[in-house]
Amino acid sequence: MDLDKFKVHGEPLIYGAMISIALATIGILVGLTYFKKWGYLWREWLTTVDHKKIGVMYILAALLMLFRGGVDAMMMRLQTAAPEMKFLDAQHYNEVFTTHGLIMILFMAMPFIIGLMNVIVPLQIGARDVAFPRLNAVSFWLFFMGAMLLNISFVIGGSPDAGWSAYFPLASLEFSPTVGNNYYSLALQISGIGTLITGVNFIVTILKMRAPGMKLMKMPMFTWSVLITNVIIVFAFPVLTVALALMMFDRLFGSQFFTMANGGMDMLWANLFWVWGHPEVYIVILPAFGIYSEIIATFSKKNLYGYTSMVFSMLIISLLSFLVWAHHFYTMGQGVMVNSFFSITTMAIAVPTGVKIFNWLFTLRKGRITFTTPMLYTLAFIPIFTIGGVTGVMLAMASADYQYHNTMFLVAHFHYVLIPGAVFAVIAGFHYWFPKVFGFRLNERLGKHSFWWIVISFNVTFFPLFFLGLMGMTRRMYTYSKETGFGPLNMLSFVGAVGLAIGFVLLVYNIYWSTRYMPRDTTSDPWDGRTLEWATHSPMPVYNFAVVPKVQTRDAFWSAKHDKLPLFEDKITKIHMPSNTGKPFILGVIFFFAGFFLVFSMWIPAIVAGVGILIMLAAMSFDRDHGYYISVDEVNATEKKLMRGETV
Amino acid sequence: MKIDASKPLEYSTEENSNKIFGFWVFLGAEIPLFATLFTVFLVMVDRFASGPNGKELFEIGPVLIETFLLLTSSFTIGLAVHAMRLGYKKAMMVFMALTLLMGLGFIGIEITEFVTYVHEGATLQTSGFLSSLFVLLGTHGAHVSFGFLWGTAIMIQLWRQGINPATANKAFIFSLFWHFLDVVWIFIFSFVYLKGLM
Amino acid sequence: MKKKGPLYALFLSLILLLPGCSSLAVLNPKGPSARTLSDTIILSILVMLGVLAVVYILYIFVLVKYRAKKSNEGYIPEHEEGNKVLEAIWIIIPIIIVAFLSVVTVKTTSAVEKQAEDYKDQTPLVIYASSSNWKWHFSYPEEGIETVNYVNMPVHRAVEFRMYSFGTITSLWIPQLAGQKYAMSDMLTTLHLSADTEGSYIGKNANFSGKGFAHMEFEALVMSSKDYDKWVKEVKETAPKLTEEEFKGLLATDFLGRKTYSSTHLEFSPPPGDHSEHMSGEGKEMDMDNGNMDHQNNKDIHPSPEPSSQTEFDSKPNPEVEQPLPSSPVDEQTQNSNS
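Parameters and conventions
Residues numbered from 1 in each chain as written. Chains lettered and ligands numbered in written order. Predicted model: local features only at pLDDT ≥ 70, side-chain atom pairs only at ≥ 80, totals over all residues. Heavy atoms only, no water. UniProt positions renumbered as here; feature names shortened; annotations may be inferred. Helix = DSSP H or I, 4+ residues; strand = E, 2+ residues; numbered from the N terminus. Buried < 20%, exposed > 50% of the residue type's maximum accessible area, 1.4 Å probe, protein only. Contact = heavy atoms within 4.5 Å. Lys, Arg positive; Asp, Glu negative; His and termini not counted. Charge placed at Lys NZ, Arg CZ, Asp CG, Glu CD. Areas by Shrake-Rupley, 256 points an atom, 1.4 Å probe, with all protein chains shown as cover. Arc of directions from axis to C-beta. Buried area = accessible area lost by both parts, 1.4 Å probe. Salt bridge = Lys/Arg side-chain N within 4 Å of Asp/Glu carboxyl O. Polar contact = N/O pair within 3.5 Å; in protein donor to acceptor, adjacent residues only side chain to side chain. Nonpolar A, V, L, I, M, F, W, Y, C, P; charged D, E, K, R; others polar. Phe/Tyr/Trp six-rings, centres within 6.5 Å; stacked < 30°, edge-to-face > 60°. Pairing = 2+ DSSP bridges. Axes fitted to C-alpha atoms, helices over the stretch in contact; angles between N-to-C directions. Patch = residues over 30% accessible without salt bridge, like charges linked within 9 Å, V, L, I, M, F, W, Y side chains within 5 Å. pLDDT = per-residue confidence, 0-100. Core = buried A, V, L, I, M, F, W, Y, C linked by side-chain atoms within 4.5 Å.

As annotated in an unreviewed UniProt entry, chain C carries the name Quinol oxidase polypeptide II and comes from Paenibacillus helianthi. Of chain C, the UniProt comment under Sequence similarities (unreviewed entry) reads exactly: "Belongs to the cytochrome c oxidase subunit 2 family." A UniProt comment under Catalytic activity (unreviewed entry) is attached to chain C, and it reads "2 a quinol + O2 = 2 a quinone + 2 H2O".

The name recorded for chain B in an unreviewed UniProt entry is Cytochrome o ubiquinol oxidase subunit III, from Paenibacillus helianthi. The annotation that UniProt attaches to chain B under Subcellular location (unreviewed entry) is "Cell membrane". The UniProt entry for chain B carries the following comment under Sequence similarities (unreviewed entry): "Belongs to the cytochrome c oxidase subunit 3 family."

Pasting the structure below:
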């Protein structure tokens, strides 16, 4: 056994990371033992199949990854803050920007959104859980283990270093001989399978488990966005699955898909990657549109303007998202015709997106707008995202893109799209739905402080990059000379990044502070909400609704409050619930080891782990546990307690 | 769990009907998966470098046997579902066993084919064409192998528990999977073998 | 509620003042191709500023007018379904804008993909630009000379770059002369450019290609045709010939300074087949060649062995592939550039 390949030869930075990871792990283990929380952890979290808890775990993991990705970002900005910086060397810089991209998209934005989806969608449609609660746990644990597998690469064996798009031949064994890109293919594969299962699960949940009376065109906008997103997941993720598998075959078994000789074709990777990659952008942005729609309606006290056109614009965006992939490489020399086609399809996306912007503005119009923290993020989204959108149209023009491609202009553009389009949305959704899950609000004053830090610093960080791009600064440069004149703007950008870091630290401090000092919200409806999730208690009982609601209008809860349309008419009956199971967690752990062994080409352990996976699947198939019932008396007792404002 | 007697057993509970619908959605994801593999294959089909091309490599005999086995097994799994609806446990088990045996035969022939290819010097590493061929056929073959294990697990449950909403549901979903693999094979047969032999 | 509109305006003007227009290389073109692109960019910026203005004005208006205040306390907004006419307006106007920009895109894309109008009667000067880790090789087949990490060309002359790569995908970009285009290992791409003004321009690889990426810059020197001819003559007389041995050495070296030779590598290592639409003359091969054509020649001079032979179920990465990396590529480069 050659132990050398596990080592990462690094500097103090790497050793620092190793020590902090080790210390954190030991800290958690000791803490769990000291407070005797092992049993609690196992019973309440690791084995849970409750969509709310799974959602919370997704969000916690996403917050954790936000900080990992954020530290990567800070390192990059610091390294480029001034010419000829010596903070990171080229190899580490390459690893850092690669993992930054991977983590932020796949292990931060997506799980954050899937977490919110998990918590909210069943509540919004008046269901008691998702269609397949156990598969939901499988999804989470596969995602989580994939994320962990990518994260340990930093200290064991080395991280992927060929960019998050991992273009071949750069990502081939020949040009990237470390195990970094093995981690890439396997970590993404494992979490990707989890995401695919989520996609199936939520399509079935939304299509088959809505409360009676909730026709498709009466669904809340967030649920609509989630439905469309999951359809995109189901069609886009298999392409990634194949691409990653081919990458793994190329790197581990010497196949000739993307090689430079023997009939390999490096451009094939770029095509496969972006056939998945562009829909992926909409996978994180469409649910954000849904979140914003809910928040805008709530805080302008109005129903959403142009509901039908909102739904259709999302459908059109989802269709177009599969027809634009080549705009990521106009410069590949495919000729005027092909480039023109993709230019037009790309620009066409601006039309439905514009429809949404105007519908939001007209929802605000004639409303009564209150500026709560979630609403502030939403309102900041509109002008900032519009900048992202219009620069997107500029980039879509193939000819002009010959000058923007691979430059900081592009980097500025996609941060202007993804940060307001996804990050602000999940933070807004986090503040908005936090009281639903935990029964108290986050502090508004701290929330607004962190909002202003984040929004202003965001612009200070990324606006200069547009100009750096036009000055000719390419992305992914770990250093540049003084003569280029890139220095001052990069320094400004670094200052902004520090501000962003302060904003995010404030956000976390707010969570801590609010947990300790915020009073309980006894109303269950702190924002005067419009949709069904506010019709049950906060925090909600395990069965969500004691009685399944009957829906008559789009804003069902609003109608119940203001037009006195009855929601809960039926009598309480016994409720069927799925039982907890540890199998998804164990399956996830085995997947983690299978992935790890494959990364290092340890065939025999990998085969053993593979057999382990099959055994776990069989165990799940043979499982005859069909759940349990909560009796009417129990439900009544719980409801009484919740009415009195006690926790259960 | 409420059992709706008006529906076939495999659809009789809400959970059951969700599972069947969910499996259709999953097959919806399998389509882009195989479509991507076919696209890769079609891109690579002429890139055989110094290795053999399809015409030199393929033999129609074993492929026809494979096709025959898989098509027939699709028929027998249909019979198994039919027997299940009539409540004939024994007949159902027999048809399922036949299906799985034919599946096993298919895998056996496919493996023999692979071994022959490798002996002729046509390996995964030889050329882009062969890489895509092996991965496309291998993915389908892996599905069939997984189906064999899965089907066996379902047969054990049927044997132990008899035909009830849970086992009927599993067997029905398995039949969907098996039919799907048959459809994929028809595409492989036409676009890989027939086109390659032409 | 603080309004963000004015804040942005302030911010924008501040930033605009900072770098000044001349340092924005992309908007300071020195040739027809780059000028077309610069004009396109400025046009699109103007159109987009118009779009932004509409959104921002509407945004500020609704936020100011409809924010919750004492005077409208207790006001419950009415249910509002939407408005077909209004929604049609904000569907149709964007479609018109997009259609307009599409026309501009198609026109300008085809304009920069061929020889510039002003020079269209000239036979272009063909320069093969090939990349290897982490250098650019420029071969002048007509003159029979080759340079590394710098390229000289005559002013007012149509130039046609034909690009390919000995490894990773790279992108040849001389921002002040033309947009970029990829150089790849199994196809040839074409970039048309010409310069109106003599001068030295920065050229670079724009596509990330590994550790030495940040240092993959070259100088594009545009000189009068007289000076250019003189330079060619001088090179032919004084520079050494590029032998296959020597070229292998070049490919295997990570960082090089400038080099000049009086023969090209194209003779013993022909470029891959051409996929470009805009061919001028010889050397055209089919798009979908069989892959075996591509590299049989390049293969033997490839800087590192192909992975296929070693990786057959072999867990260890090929030791020869792992080239020791200089602890600091910057130092390495500065050392080399003196040579």
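Now, onward.
1. Focus: the overall build of chain B
Per the secondary structure count, chain B includes six helices and zero strands. Ordered by position from the N terminus, the helices and strands of chain B form the series α-α-α-α-α-α. Out of the 198 residues belonging to chain B, those deemed buried represent 55%. Partitioning the intrachain contacts of chain B with sequence separation of at least 6 by distance along the chain shows that 81% fall at a separation of at least 24. Taken together, the 11 basic and 13 acidic charged side chains of chain B have centroids lying 12 Å from each other.

2. Some details on the overall build of chain C
Along its length, chain C carries seven helices and 11 strands. Restricting to contacts in chain C with at least 6 residues of sequence separation, those with at least 24 account for 70%. A total of about 15400 Å² of accessible surface is found on chain C, and carbon and sulfur atoms cover 59% of it.

3. Some thoughts on helix 5 (residues 244-252) of chain C
Residue and element names in this part refer to chain C. Every buried residue belonging to helix 5 is among Phe247, Leu250 and Leu251, and all of these are buried. Taken around the axis of helix 5, the buried residues stretch over an arc of 95°, which confines them to a single face. Structurally, helix 5 contributes buried residues whose contacts are with strand 1 (125-132), strand 2 (135-140), strand 3 (145-148) and strand 11 (259-261).

4. Details of the interface of chain A and chain C
Listed by partner, the interface residues are 113 residues for chain A and 113 residues for chain C. Here chain A and chain C share an interface that buries about 10000 Å² over both sides, 70% of which is from carbon and sulfur atoms. Taken as a group, Arg368(A), Tyr402(A) and Gln403(A) account for 8% of the area that chain A buries against chain C, more than any other trio of residues on that side. Residue Lys302(A) is joined to Glu80(C) by a salt bridge in which the shortest nitrogen-to-oxygen separation is 2.5 Å. At the boundary of chain A and chain C, one finds 29 residue pairs in polar contact (both at pLDDT 80 or more). For the side of chain A that touches chain C, the leading source of residues is helix 12 (residues 373-396) of chain A, giving 11 residues. Each residue belonging to the side of chain A that touches chain C can be placed in one class, and the counts come to 65 nonpolar, 34 polar and 14 charged.

5. A look at unusual backbone geometry
Residue Pro169(A) is bonded to the preceding Phe168(A) through a cis peptide linkage, with omega at 0°. Checked against the element boundaries, Pro169(A) lands in the loop between helix 5 (133-152) and helix 6 (180-208). Here the bond from Ser538(A) into Pro539(A) is cis, since omega is -15°, no more than 30 degrees from zero. Here Lys564(A), not a glycine, exhibits a phi torsion of approximately 55°, which is positive. Structurally, Lys564(A) is set in the loop between helix 17 (556-562) and strand 1 (575-577). In this structure, Ala49(B) takes a positive phi of about 45° despite not being glycine. Tracing the chain through its elements places Ala49(B) in the loop between helix 1 (14-44) and helix 2 (54-57). Overall, Ala49(B) belongs to the buried group, its relative accessible area being 7%.

6. A word on the UniProt feature "transmembrane region" (unreviewed entry) in chain B
Residue and element names in this part refer to chain B. Within the UniProt annotation, "transmembrane region" (unreviewed entry) is assigned to residues 21-43, 63-84, 91-109, 129-159 and 171-194. Along residues 63-84 one finds 100% helix and 0% strand; the C-alpha atoms at either end are 31 Å apart. With 100% helix and 0% strand, residues 129-159 has end C-alpha atoms that lie 45 Å from one another.

7. Regarding the packing of aromatic side chains
A full pass over the atoms with the stated rule returns 103 aromatic pairs over all chains. Ring pairing ties together the aromatic residues Tyr377(A), Tyr404(A), Phe409(A), Tyr416(A), Phe424(A), Phe451(A), Trp452(A), Phe458(A), Phe462(A), Phe463(A), Phe466(A) and Phe467(A), which thus form one cluster.

8. A closer look at the sheet that holds strand 9 (residues 199-205) of chain C
Note on sheets: strands pair through backbone hydrogen bonds, and any given pair is parallel or antiparallel. Residues and elements named next belong to chain C. Ordered in space as 4-10-9-6-7, the five strands form an open sheet in which the pairing is mixed. Strands at the two margins of the open sheet, each flanked by one partner only, are strand 4 (150-154) and strand 7 (178-183). Each strand axis lies, on average, 20° off the axis of its neighbour in the sheet, ignoring direction. In this sheet, strand 10 (residues 217-223) lies alongside strand 4 in parallel orientation, the contact comprising five bridges. In the strand pairing of strand 10, Pro154 is matched with Met223.

9. Notes on a nonpolar patch on the surface
Where nonpolar side chains cluster on the molecular surface, the patch consists of Ile26(A), Val30(A), Tyr34(A) and Phe35(A) and spans about 490 Å² of accessible area. Among the secondary structure elements, Ile26(A) is positioned in helix 1 (residues 12-34).

10. Regarding the sheet that holds strand 11 of chain C
Residues and elements named next belong to chain C. Here six strands make up an open sheet; going across it, the order is 8-5-1-2-3-11 and the pairing mixed. The open sheet has two edge strands, strand 8 (189-193) and strand 11, and neither has a second partner. Pairs of neighbouring strands in the sheet enclose a mean axial angle of 20°, with direction left out of account. Note that strand 3 and strand 11 share three bridges and pair antiparallel. Looking at strand 11, one finds that Glu146 is bridged to Tyr261.

11. So, the confidence of the model for chain C
Residue and element names in this part refer to chain C. With 74% of its residues at a pLDDT of 70 or more, chain C has an overall mean of 80. Looking at the elements of chain C, mean pLDDT is at its lowest for helix 7 (residues 329-337), recorded as 39, and at its highest for strand 6 (residues 170-174), recorded as 96. In the model, residues 275-339 has pLDDT below 50 throughout and makes 107 contacts with residues more than four positions away in sequence or in other chains. Reported for the predicted complex are a pTM of 0.91 and an ipTM of 0.95.

12. Considerations on the UniProt feature "transmembrane region" (unreviewed entry) in chain C
The positions that UniProt labels "transmembrane region" (unreviewed entry) are, in the present scheme, residues 41-64 and 85-106 of chain C. What you have in residues 41-64 of chain C is 100% helix and 0% strand, and the ends, taken at the C-alpha atoms, are 34 Å apart.

13. Here we look at the pattern of salt bridges
Within the structure shown, the criterion is met by 22 salt bridges over all chains. The salt bridge involving Lys120(C) is made with Glu117(C); its shortest N-O contact spans 3.2 Å. Look at Lys120(C) and you get partly exposed, because its relative accessible area is 48%. In the salt-bridge network here, residues are joined through shared partners; they are Lys301(A), Asp525(A), Asp528(A) and Lys561(A).

14. Structural notes on the pairing of strand 6 of chain C
All names here are of chain C. The element strand 6 is largely enclosed, with a buried count of five among its five residues. Burial along strand 6 is two-sided: Thr170, Leu172 and Ile174 facing one way and Ser171 and Trp173 facing the other are all buried. Direction of pairing for strand 6 relative to strand 7: antiparallel, over a ladder of four bridges. Each residue of the ladder has a partner; that of Ser171, found in strand 7, is Tyr182. In terms of strand pairing, strand 6 meets strand 9 through two bridges, oriented antiparallel. Across the sheet, residue Leu172 finds its bridge partner in strand 9, namely Asn205.

15. Some details on the pairing of strand 9 of chain C
Two faces, one strand: in a regular strand the side chains alternate between the faces of the sheet. Bridge analysis of strand 9 of chain C against strand 10 of chain C gives six bridges, and the strand direction is antiparallel. Residue pairing in the sheet places Gly199(C) in a bridge with Val222(C) of strand 10 of chain C.

16. Notes on the nonpolar core
In terms of nonpolar packing, the biggest core is built from 330 residues, with Trp269(A), Trp360(A), Leu361(A), Leu364(A) and Ile382(A) touching the most fellow members. Looking at this core element by element, the count peaks at 22 residues for helix 4 (residues 90-124) of chain A. One finds Phe138(C), Ile174(C), Leu193(C) and Tyr228(C) within the second-largest nonpolar core, a separate group that totals 35 residues.

17. Focus on the environment of Gly595(A)
All names here are of chain A. Tracing the chain through its elements places Gly595 in helix 18 (residues 583-599). On the basis of relative accessible area, Gly595 is assigned to the buried category, the value being 2%. C-alpha separation for the pair Gly595 and Gly610, spaced 15 residues apart in sequence, amounts to 9.5 Å. Those residues in contact with Gly595 that sit more than four places away from it in its chain are Leu149, Leu186 and Ile190.

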